[in-house]
Amino acid sequence: RLGDVAAAPRSAAPQPPAGPTLPTAQALLAAIAAAEGPWFPARHASEAGVPRESLDGPLAELRLAEFVRVAEWVKGLGQGYVLTPRGRDAAKDPAELE
């Protein structure tokens, strides 16, 4: 009966399972700085267990701040990125990211 359903106690909404932390611009800058050669978002997403598209926002922030630039595209890996001189400085001094 409808009245019974309305009177039934409601349980807390189910919580989604905890997953990996989504990347920040600071985390990506550190990852790009640690890469030997070009850094590839698809590879990073796979290794970090995060959706590839979750890297787009932080990566755009880094590009707009001129901390990273587009490098070569590699078949099977996609678009690569490398630090700019400003990005190298920022990777050494996190206050620069502010």
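See the structure above.
Residues numbered from 1 in each chain as written. Predicted model: local features only at pLDDT ≥ 70, side-chain atom pairs only at ≥ 80, totals over all residues. Heavy atoms only, no water.

(A) Quick look at the side chain of Ser54. Structurally, Ser54 is set in the loop between α3 (41–48) and α4 (56–64). A relative accessible area of 16% means that Ser54 is categorised as buried. At 2.6 Å, the side chain of Ser54 forms a polar contact with the backbone oxygen of Pro51. With near-sequence residues (within four places) excluded, Ser54 lies in contact with Leu22 and Pro23. (Helix = DSSP H or I, 4+ residues; strand = E, 2+ residues; numbered from the N terminus. Buried < 20%, exposed > 50% of the residue type's maximum accessible area, 1.4 Å probe, protein only. Polar contact = N/O pair within 3.5 Å; in protein donor to acceptor, adjacent residues only side chain to side chain. Contact = heavy atoms within 4.5 Å.)

(B) Layout of the nonpolar core. Among the nonpolar cores identified, the biggest contains 16 residues, and Ile32, Trp39, Leu59, Leu62 and Val68 are the most heavily contacted of them. When contributions to this core are tallied by element, the ones reaching two or more residues are α2 (25–34), α4 and β2 (78–83). By residue number, the principal contributor to this core is α2, which donates five residues. Residues within four places of Trp39 in sequence aside, it is in contact with Leu28, Ala31, Ile32, His44, Leu55, Leu59, Gln79, Gly80 and Tyr81. (Core = buried A, V, L, I, M, F, W, Y, C linked by side-chain atoms within 4.5 Å.)

(C) Structural context of the pattern of salt bridges. What the rule picks out here adds up to one salt bridge. The closest approach of N and O atoms between Asp56 and Arg52, which form a salt bridge, is 2.6 Å. Overall, Asp56 belongs to the partly exposed group, its relative accessible area being 38%. (Salt bridge = Lys/Arg side-chain N within 4 Å of Asp/Glu carboxyl O.)

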